[in-house]
Amino acid sequence: MSAKTIKVYEAVREDFRRDAGRRGFTVSQAQEAAVERLARLAGELVGARRLFRAPAPVRGLYVWGPVGRGKSWLVDTFFEAVPGERKRRLHFHDFFHLLHEGVAHAAPVGADSRTSAVDRAVEELLGDAELLVFDEFHAHDAGDAMLVARLFRTLLDRRVTLVTTSNYPPSGLMPNPVYHHLFEPTIALIEERMDVLDVSGPTDFRRIGQLPSGERRFAEGAVLDREEAQRAGFAAPTAEERTAVAGHLRELTVRAVRGGTVWVGFGELCESTTSVPDYLALAGRFDTVVVDGVVPLAEATADGRQRFGNLVDVCCDRDVRLVLIGADPLAGAGPEMLRDLDRIASRLAMLQKVPAAR
């Protein structure tokens, strides 16, 4: 390594140590390998900037492990420590939402207009960025499989160094066996062009009160039955409280708005034509989302389960308090369904049983 590369590497390692100390936790053994690799990557990026038009970009990094292992803290600290302005950090939900919008509004060009539209949308989103950091990358929707595949190829063709976190190893992406084969080429591309790093050590920072991200509002949520909700101060809305709030390009009917809290019905939100952009709109406006009339996901439609999972993802990723009233969402789910719902189950496990009234 050059003197400049070594200097950046050492500075980034010190940033990790300093930030961990400031937040009051100790870097785990599983995280230590990620700290080392990310610090080295920061040095490689700085040292290779003049070569970014060379045939090979700086190799990216895919960091995976269960929730609570500090993945977001690792990549956030790395992103802030990397010198320069040619970098972008986005949550995958946000990027994918913007990408969908860009593709939808791009004018068709030539025979392969969708591919061209993806390329142009990525160009607009990234600008001159040489580093892109994705948080919480996942692939569950078969309809988006090809778009995600094209996105990865476009990023790599543009020689953008990609760093991403995920709850899954690459081989665990698109877990539905009916559609998994559609994503296998992308999995192979990830494993070929990125280093894959497992941080799934035994330490769950949520359980010891040392969540490195410092964000705990989502974990203040709860899964409650009707009586528990009443005792916790979540009185059911009256008919007069029913209103509408802004979603994405439309209004959403909700049961009530009480200050920073929005009440929505499970059927209206998850069994209708809502989508991730609508959930992002709610998360951007409210600090608490109460979902009433929750049914076991085994009784919901496949689309309803997918929408519910997306809602949980958005609330967790945006650190919005989520309160679920009704049935246990995982009740009655068989082993195969629980496997498909593994990500959601791990996030619901973060919620309390009965929260303090508010």
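Note that the coordinates shown come from a computational prediction; the quantities given were computed from them, not determined experimentally. (Residues numbered from 1 in each chain as written. Predicted model: local features only at pLDDT ≥ 70, side-chain atom pairs only at ≥ 80, totals over all residues. Heavy atoms only, no water.)

Visitor: Any chance you could explain the pairing of strand S11 (residues 288-294) here in plain terms?
Guide: Side-chain positions along a regular strand alternate between the two faces of the sheet. For S11, the buried fraction is high: six of the seven residues fall into the buried class. Here strand S10 (residues 261-265) pairs with S11 via five bridges, running parallel. Bridge pairing in S11 links Val 264 to Val 291. Pairing geometry for S11 and strand S12 (residues 321-326), over five bridges, is parallel. Bridge pairing in S12 places Val 289 opposite Leu 322. Regarding topology, helix H11 (residues 302-317) serves as the crossover connection from S11 to the parallel S12, and that connection is right-handed. (Buried < 20%, exposed > 50% of the residue type's maximum accessible area, 1.4 Å probe, protein only. Helix = DSSP H or I, 4+ residues; strand = E, 2+ residues; numbered from the N terminus. Pairing = 2+ DSSP bridges. Right-handed = clockwise from strand over helix to strand, strands pointing away.)

Visitor: Please explain the sheet that holds strand S5 (residues 194-198) as it appears in this structure.
Guide: Pairing between the strands of a sheet comes from backbone hydrogen bonds, and it takes one of two forms, parallel or antiparallel. If you walk across this open sheet you meet the five strands as S2-S3-S4-S1-S5, and the pairing is parallel. What marks the edges here is a single partner per strand, and that holds for strand S2 (87-91) and S5. Each strand axis lies, on average, 15° off the axis of its neighbour in the sheet, ignoring direction. Across five bridges, the pairing between strand S1 (residues 60-64) and S5 is parallel. (Axes fitted to C-alpha atoms, helices over the stretch in contact; angles between N-to-C directions.)

Visitor: Explain the pairing of strand S8 (residues 251-254) to me, please; I cannot follow it from the model alone.
Guide: Residues Leu 252 and Val 254 point to one face of S8 and are all buried, whereas Glu 251 and Thr 253, pointing to the other face, are not buried. The pairing of strand S7 (residues 243-246) with S8 spans four bridges and is antiparallel. Looking at S8, one finds that Ala 244 is bridged to Thr 253. In sequence, S7 turns back onto S8 through a hairpin of four residues, with Leu 249 there showing a positive phi of about 65°.

Visitor: It is not clear to me how the pattern of salt bridges should be interpreted in this structure. Could you clarify?
Guide: A side chain of one charge can pair with a side chain of the opposite charge if their charged atoms are brought near each other. Taken as a whole, this structure holds 20 salt bridges when the rule is applied. A salt bridge links Glu 32 to Arg 13; its shortest N-O distance comes to 2.8 Å. Of the two residues, Glu 32 is situated in helix H2 (residues 29-47) and Arg 13 in helix H1 (residues 3-23); the sequence distance between them amounts to 19 residues. Assessed through its relative accessible area of 33%, Glu 32 is described here as partly exposed. For Arg 13, a relative accessible area of 16% translates into the label buried. The closest approach of N and O atoms between Arg 89 and Asp 76, which form a salt bridge, is 2.3 Å. Of the two residues, Arg 89 sits in strand S2 while Asp 76 sits in helix H3 (residues 71-81), which places them 13 residues apart along the sequence. Using a relative accessible area of 29% as the deciding quantity, one classes Arg 89 as partly exposed. With relative accessibility at 28%, the residue Asp 76 sits in the partly exposed group. Look at the salt bridges and you will find they share partners, linking Arg 37, Arg 40, Glu 44, Arg 59 and Asp 195 into a network. (Salt bridge = Lys/Arg side-chain N within 4 Å of Asp/Glu carboxyl O.)

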